[in-house]
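Examination of the molecular architecture
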Amino acid sequence: MSSQGQDAKFFQRGKIQDFRKELQDAESKDKKFVKRKTILKKIVANITMGNDMSPLFGDVIPLLGAPLLEIKKISYGRSKPDQIAKAVPYFIEDCNDLNPLIRALALRTMSYIPLPIIIEALIDPLRHCLRDKDPYVRKTAAICVAKLYVQDPKTIERHGYIAMLRDLLADPNPTVVANAVAALSELSERSDNIVLHLNITVANKLISALDEASEWGQVYILDSLLSFVPQTTQDAEVLAERIVVRLQHANSAVVLTAIKVLLYVMNYMDNKRVTDYLCKKIGPPLVTLLSSGPEVQYVALRNILLIIQRRPAVLKNDVKVFFCKYNDPIYVKLAKLEIMYRLAREENVNEVLAELKEYASEVDIDFVRKAVRSIGRLAIKVEAAADRCIEALLSLIETKVTYVVQEAIIVIKDVFRRYPGKYEGILPVLNQNIDVLDEPEAKAAMIWVIGQYAYRIDNSEELLDDLVYTFLEEPVEVQLALLTATVKLFVYKSQSTAAKDLVHKVLKWTTEEIDNPDLRDRGFMYWRLLAQNPAGAGEIVLAEKPTISTDTDRMERGALDQLLLHTGTLASIYHKNPETFIRNAKGKALVDSPALNSNSRRVLLSLAQEVSTVTSTNLPAPAINHPKQQAEALENAQNPEPSDETQEPEDTEENNANGEHDPYANLDGAFSRYIPDEPRPVQNVHQAGLDDDLLL
């Protein structure tokens, strides 16, 4: 064919009449088809430029019988379905041509035309081509079966093409095997009746074809191995041993697919020595992917984030690899930041904390916020580093940068929950920065701190009074925090007139001027609790808080095992199963077998179950100091007294004599028995045996 520079002359707009006349004139003079080939190139060039050449369809069809391969490659059947019948005899003739390239070309062209007449004419040639002696024709026919299934699935099933595709899995040519696997995988995704199941013999044959298959073929073959369910631990170990060599491949898609298969078969192994060996092998290829462009880096990082939640040993000593570079895009930096936090432990926490402090002085606001929040999460995760993390947060607060201060206060609130009573000495520093808070989450966090530690803050009434001034204009999140904080203040300082007036004002606003049902109902609940059972109200709002744990940051194990079956796909970037965002997509799940290890079987999920991608670890219920009084408060809440509008209370005369009824008259000294939060040991919320392979 002509070179690209010579073909440029064909890209000139022409008229249909001129092309038709040139084709007619060339019929008698152009015996070697040279001129007609040039005319066809001009027509294709005009099609490429967007010109409608469909009226020439009838003039081009006779050229399909030309003996030149270049001329046979031109077909315009989709635009003229009413004239396609004229081309069918030429297609059938070419399917029996001696040249395998022409046979494959005719078959491929017919499979692209979604018309009943073509599908009917394709049935017999496709069956012959699936058994053709040339591997190029067989591999083309395998893909044509998948294309034809999209157009007419009943025809494919009725004529037994599925069984013929399965036979091609044993073909001696690796390219044919790869295409047959690709076609069967596509059919199993589209049909509920077609399921790809492999035994150990077929799986070994597919692995043998990997060495000679193309990169595209290797990805399909490796992906199909997820359809093999090891029945013994030995089967899983043999399969893993043969796949490990694929980790050295230069193509990132092959590497990620190989990692996906290894993570899958590791669920069917009990030998910890073998799994540790595989984890060490998986780590270096993942690190190598980070030397690619930012887009490939991001895909690798999102997959790494999933992998280290399930197998932290893969990269437990490589946290430095994920330190951010100055020229990394923001989406890469944020992904690396999350992985740094996941890999942080007592041995490397100093390096991670120093790096996070550097990031907190960057110019990108989103990145700085994430870095500051990661410092607080690090204090919650690694107890030995909590003091250093608090020092880092206090130094950041001293910078007086608004968004840094607000993020620091948000995470310090969680640190207070994690270590109750341990860091109360920093309360004055936080109180000095109330005026800079303008974000709802930060303001709600600061209000929670004031309410929770009102007994330690001398001017807590004044602070809350200033914050309550704009109560009606605040977002619901802040209003809820203010409502609870004022009740806590009154519980702690029940003798204070200022606290009494403040809670009365907030409850009145909440029940009379607020439209939000959640806020209004909470206000009524607090009001009735304070009026009927003040001790119960104190025990509810000041109950011992559940222990904050880093387990709530991790995906539920069963859902994680399910999501790792989609490593290297769009699902691994979204961290969602494909059936949740792709219509008609099929889910994947581990299949139970005698080889499935006990930890994986314990959290095994079936496809019929509804799986939430991110769930919280079950934490123990809050402990109440006085369960008897709480039970009485609950009974009163379930069986409320009739309101004053319908029934007068027993002491009506006495209330009338003293003036207006005060619901807080009997609260004095009611909370003298309450014990403030003390430092308590962190409760173990791990389920036995499930976290044996986790870092912490």
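Residues numbered from 1 in each chain as written. Predicted model: local features only at pLDDT ≥ 70, side-chain atom pairs only at ≥ 80, totals over all residues. Heavy atoms only, no water.

Thoughts on the overall build of the protein
Rules: Only DSSP runs of H or I reaching four residues or more are called helices, and only runs of E reaching two or more are called strands; each is numbered from the N terminus. For the exposure calls, accessible area comes from a 1.4 Å probe over protein chains only, and a residue counts as buried if that area is under 20% of its type's maximum, exposed if over 50%, partly exposed in between. Here, residues are in contact when the closest pair of their heavy atoms is within 4.5 Å. Shrake-Rupley sampling with a 1.4 Å probe provides the accessible areas, and residues are treated as covered by the protein chains on show and by no other component.
Secondary structure assignment for the protein yields 35 helices and 0 strands. Relative to its full complement of 696 residues, the protein shows a buried share of 49%. For the protein, the proportion of contacts with a sequence separation of at least 24, taken over those separated by at least 6, is 70%. Taken as a whole, the protein presents about 34,100 Å² of accessible surface, with 50% of it coming from carbon and sulfur.

Focus on the side chain of arginine 138
As a reminder of what qualifies: Whenever a nitrogen or oxygen atom comes within 3.5 Å of another N or O atom, the pair is scored as a polar contact, on the condition that within protein one atom can donate a hydrogen and the other can accept it, and that pairs from neighbouring residues in sequence are kept only if both atoms are in side chains.
Within the fold, arginine 138 resides in helix H9 (residues 135-151). Residue arginine 138 is classed as buried on the basis of its relative accessible area, which comes to 11%. One polar contact links the side chain of arginine 138 to the main-chain carbonyl oxygen of aspartate 132, over a distance of 2.8 Å. Leave out the neighbours within four places in its chain, and arginine 138 touches Cys129, Leu130, Arg131, Asp132, Lys133, Leu168, Asp171, Asn173 and Val176.

Quick look at the state of the cysteines
Which entries qualify depends on this criterion: Here, the term disulfide refers to a pair of cysteine sulfur atoms separated by no more than 2.5 Å.
Scanning the entire structure with this criterion turns up 0 disulfides. You can see cysteine 95 has no disulfide; the closest cysteine sulfur is in cysteine 129, sitting 5.4 Å from it. For cysteine 95, a relative accessible area of 5% gives the class buried. Overall, the relative accessible area of 2% leaves cysteine 129 in the buried class.

A short note on the confidence of the model for the protein
What counts is decided by this rule: On a scale of 0 to 100, pLDDT captures the predictor's confidence in every residue.
Looking at the protein as a whole, the pLDDT averages 80, with 78% of positions reaching at least 70. Predicted confidence for residues 74-79 stays below pLDDT 50, and this span has 15 contacts to residues more than four positions away or in other chains. Residue range residues 609-696 is modelled with pLDDT below 50. Its contacts to residues more than four positions away, or to other chains, number 131 contacts.

A few points about helix H29 (residues 517-532)
Note on helix geometry: an α-helix contains 3.6 residues per turn, so any two residues three or four positions apart are oriented the same way. Heads up, the condition is: Expected helix span is given by 1.5 Å per residue-to-residue step, counting one fewer step than there are residues. Think of it as the arc spanned by the lines of direction from the helix axis to the C-beta atoms.
Over its 16 residues, H29 runs 22 Å from end to end, which matches the ideal 22 Å to within 8%, given 1.5 Å per residue. Of the positions making up H29, those classed as buried are Leu519, Gly523, Tyr526, Leu529 and Leu530. Buried residues in H29, looked at end-on, bunch into an arc of 135 degrees, giving them a common side. Backbone nitrogen of aspartate 518 and a side-chain oxygen of the N-cap are separated by 3.0 Å at the start of H29; the cap is asparagine 516.

So, the pattern of salt bridges
To be explicit about the condition: When a carboxyl oxygen of Asp or Glu lies within 4 Å of a side-chain nitrogen of Lys or Arg, that pair is called a salt bridge.
Within the structure shown, the criterion is met by 25 salt bridges. Between arginine 373 and glutamate 441 there is a salt bridge whose closest N-O contact spans 3.5 Å. Of this pair, arginine 373 sits in helix H21 (residues 365-381) while glutamate 441 is found in helix H25 (residues 440-452), placing the two residues 68 residues apart along the sequence. Residue arginine 373 is classed as partly exposed on the basis of its relative accessible area, which comes to 27%.

Description of the packing of aromatic side chains
Threshold: Side-chain rings of Phe, Tyr and Trp, where Trp is taken by its six-membered ring, are said to pair if the distance between their centres is within 6.5 Å; with planes under 30 degrees apart they count as stacked, over 60 as edge-to-face, and otherwise as tilted. Remark: a charge is flagged as sitting over a ring if the NZ atom of Lys or the CZ atom of Arg is within 6 Å of the ring centre and within 35 degrees of the ring normal.
This structure, assessed with the given rule, holds 10 aromatic pairs. Aromatic pair tyrosine 298 and tyrosine 331: ring centres 5.4 Å apart, planes at 90 degrees, arrangement edge-to-face. Taken as a pair, tyrosine 298 in helix H18 (residues 294-310) and tyrosine 331 in helix H19 (residues 330-343) lie far apart in primary sequence, 33 residues in all. Tyrosine 298 gets classed as partly exposed once you look at its relative accessible area, which sits at 24%. Using a relative accessible area of 34% as the deciding quantity, one classes tyrosine 331 as partly exposed. Ring plane angle 40 degrees and centroid distance 5.1 Å describe the contact between tyrosine 359 and phenylalanine 367, whose orientation is recorded as tilted. Here the two residues tyrosine 359 and phenylalanine 367 agree in accessibility, since each one is buried. Positioned above the aromatic ring of tyrosine 419 is the side chain of lysine 422, whose terminal nitrogen or guanidinium carbon lies 5.2 Å from the ring centre.

A closer look at a negative patch on the surface
Using the following cut-off: Within the patch definition used here, like charges are joined within 9 Å and nonpolar side chains (Val, Leu, Ile, Met, Phe, Trp, Tyr) within 5 Å, considering only residues with over 30% relative accessible area and no salt bridge. The sign given to each residue is positive for Lys and Arg and negative for Asp and Glu; His and the chain ends receive no count. A charged residue contributes its charge at one atom only: NZ of Lys, CZ of Arg, CG of Asp or CD of Glu.
Negative charge collects at one region of the surface, where Glu358, Glu362, Asp364 and Asp366 lie side by side. Along the chain, aspartate 366 falls in helix H21. Note on aspartate 366: relative accessible area 53%, which makes it exposed.

Observations concerning the environment of serine 185
Tracing the backbone through its elements, the reader meets serine 185 in helix H12 (residues 174-190). Once residues lying within four places of it in the same chain are set aside, the contact partners of serine 185 are Leu196 and Ser224. Polar side-chain contacts of serine 185 include one of 2.8 Å to the backbone oxygen of valine 181.

Describing helix H16 (residues 252-265)
If you check H16, its first and last C-alpha atoms are 20 Å apart, about what 14 residues at 1.5 Å a residue would give, namely 20 Å. Listed as buried for H16 are Val254, Val255, Leu256, Thr257, Ala258, Ile259, Lys260, Val261, Leu262, Leu263, Tyr264 and Val265. Of the surrounding elements, those touching the buried residues of H16 are helix H14 (215-224), helix H15 (233-243), helix H17 (272-289) and H18. Among the residues of H16, the N-terminal cap falls to asparagine 251, whose side-chain oxygen and the backbone nitrogen of alanine 253 are separated by 2.8 Å.

What to know about unusual backbone geometry
Phi at lysine 400 is positive, roughly 65 degrees, even though this residue is not glycine. If you trace the backbone, lysine 400 turns up in the loop between helix H22 (386-397) and helix H23 (402-418). Within the chain, asparagine 584 stands out as a residue other than glycine whose phi angle is a positive 65 degrees. Within the secondary structure, asparagine 584 is located in the loop between helix H32 (570-574) and helix H33 (598-602).

Some points on the nonpolar core
As a reminder of what qualifies: Here, nonpolar core means buried Ala, Val, Leu, Ile, Met, Phe, Trp, Tyr and Cys residues that are tied together by side-chain atoms lying within 4.5 Å of each other.
Judged by nonpolar contacts, the single largest core of 194 residues is most densely connected at Leu126, Leu286, Leu378 and Phe416. If sequence neighbours within four positions are ignored, leucine 126 has contacts with Leu107, Ala141, Cys144, Val145, Leu148 and Tyr161.

As for the packing of helix H20 (residues 349-359) against H21
The condition that has to hold: Fitting a line to C-alpha atoms yields each axis, with helices limited to the stretch in contact; the angle taken between N-to-C directions then spans 0 to 180 degrees. Orientation categories follow fixed angle ranges, with anything under 35 degrees roughly parallel, anything over 145 roughly antiparallel, 65 to 115 roughly perpendicular, and all other angles oblique. Here a crossing is called left-handed whenever its near helix is offset anticlockwise from the far helix by less than a right angle, and right-handed whenever the offset is clockwise. Side-chain classes are defined by residue name, with Ala, Val, Leu, Ile, Met, Phe, Trp, Tyr, Cys and Pro counting as nonpolar, Asp, Glu, Lys and Arg as charged, and the others, Gly among them, as polar.
Packing of H20 against H21 brings their axes to within 8 Å, and their N-to-C directions diverge by 150 degrees. The angle between H20 and H21 falls in the class roughly antiparallel. Like other packed secondary-structure pairs, H20 and H21 cross with a definite hand, here left-handed. Counting all contacts with H20, which are made through Val349, Val352, Leu353, Leu356, Lys357 and Tyr359, the residues of H21 involved are Phe367, Val368, Ala371, Ser374, Ile375 and Leu378. Partitioning the contact of H20 with H21 into residue classes produces 10 nonpolar, 1 polar and 1 charged.

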